[in-house]
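Residue-level structure breakdown
What follows is the residue order along each chain.
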Amino acid sequence: MPILREGELSVDYLDDGAGPAVVLVHSSVSGNKQWRRLVEALRPTYLCVAPNLLGYGLTSPWQAGRRQTLADAAQVTLALCKTIPGPIHLVGHSWGGAVALETANKLGPRVSHLALYEPMLCGLLHTQGKAEAWSEALGIYTAVQRLSDAQDWAALAELFTDYLNGNGSWAATPAERQSVIASQLPPNRHEWDASSQPTTAQDFGGVTARTLILRGSRTRLVTKEIADVLCQAFPHWQLQEIQDAGHMGPLTHGATVNAKIQFFLALAP
């Protein structure tokens, strides 16, 4: 995969296909390979560009002596978008959805389409008075801080997996896969730092793209209400639910999610 360098930032990314550009932004504890099936579907029509976010693959890790912000994380996608001519389509999942949203906010009319699966922006819950959902998110964030500080990646992996996929999911995960998940967790603390900072929906008023938010019908309260807050603030955005899917719908219900994204990207701006 090629490497883009901008100042001290190195971005590891894949690109495949030809045509209008689609930038695909992966979730936490993942990497750009999570989009391989969607890339296969899109590459006959689009140029697919999928970066690894901060701390994944060969992309620079977060090393500043302060809490990461959403704007910091979006430097990866913004750097790539500088190299892309013409309109940009953005797709993001979870933390990658938050990064894609901030990227579209910064680029304004350069982004024609924005498709987000359950963007993780917990700070919205705090400022919008969603007390129950914010309390749930804060409990997870506190555990992430504690386990990251202790570098207890196995315990954090169990917490992360069971919260997003249901109780018992970690125990049912093969040992080899458990090791991979645990190895990808160090950036997660910084992502929660950024996601949990107070923000309002109005902070994303720079988004002019046609926007679709996808949400699983069996998702957690936190991600359900984040989507609600955004769509109430921007009623012209589309909200669609994926039946029987949870937060990891792009992986567990990939064929359905990918088909909806592919159809959306083909719509007129």
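Residue numbering note: each chain is counted from 1, following its sequence as written. Side-chain atom pairs in this predicted model are given and counted only at pLDDT of 80 or more, local residue features only at pLDDT of at least 70, and totals for whole chains, interfaces and linings cover all residues. Each side-chain value is derived from all of the structure's non-hydrogen atoms; neither hydrogens nor water enter the calculation.

**Considering the environment of Pro250**
As a reminder, the rule being used: Helix numbers and strand numbers start at the N terminus; a helix is a DSSP run of H or I with at least 4 residues, a strand a run of E with at least 2. Burial here depends on accessible area, computed with a 1.4 Å probe over protein chains only, as a share of the maximum for the residue type. Under 20% is buried, over 50% is exposed, and the range in between is partly exposed. What makes two residues a contact is simply this: any of their non-hydrogen atoms within 4.5 Å.
By the element assignment, Pro250 lies in helix H11 (residues 249–252). Look at Pro250 and you get buried, because its relative accessible area is 9%. Along the primary structure Pro250 and Cys122 are separated by 128 residues, whereas in three dimensions their C-alpha atoms are 20 Å apart. Each residue touching Pro250, except ones within four places of it in the same chain, is listed here: Gln34, His93, Tyr117 and Val257.

**Observations concerning the environment of Leu147**
Here Leu147 shows up in helix H6 (residues 131–149). Its relative accessible area of 9% is what places Leu147 among the buried residues. Here the alpha-carbon distance between Leu147 and Ala157, two residues 10 residues apart in the chain, equals 9.6 Å.

**A short note on the pairing of strand S4 (residues 47–51)**
The criterion, for reference: Note on pairing: two strands pair once DSSP finds at least 2 bridges between them. We call a crossover right-handed when, viewed with both strands directed away from the observer, the connection leading from the first strand over the helix to the second proceeds clockwise.
In terms of residue burial, S4 counts as a mostly covered element, since 4 of its 5 residues are buried. Relative to S4, strand S3 (residues 21–25) runs parallel, the two being bridged by 3 bridges. Within the sheet, the bridge partner assigned to Val23 lies in S4 and is Val49. In this region the chain leaves S3, passes through helix H1 (residues 36–42) and returns to the parallel neighbour S4; the handedness of that crossover is right-handed.

**With respect to the nonpolar core**
Worth spelling out the cut-off: Nonpolar core, defined: a set of buried Ala, Val, Leu, Ile, Met, Phe, Trp, Tyr and Cys residues in which side-chain atoms within 4.5 Å join the residues together.
Residues Leu101 and Leu114 are the most contacted members of the largest nonpolar core, which totals 71 residues. Apart from the residues within four sequence positions on either side, Leu114 is in contact with Leu90, Ala100, Leu101, Ala104, Val207, Ala209, Arg210, Thr211, Leu212 and Phe264. Core analysis: the second largest hydrophobic core is formed by 21 residues, Leu14, Ala50, Ala245 and Phe264 among them.

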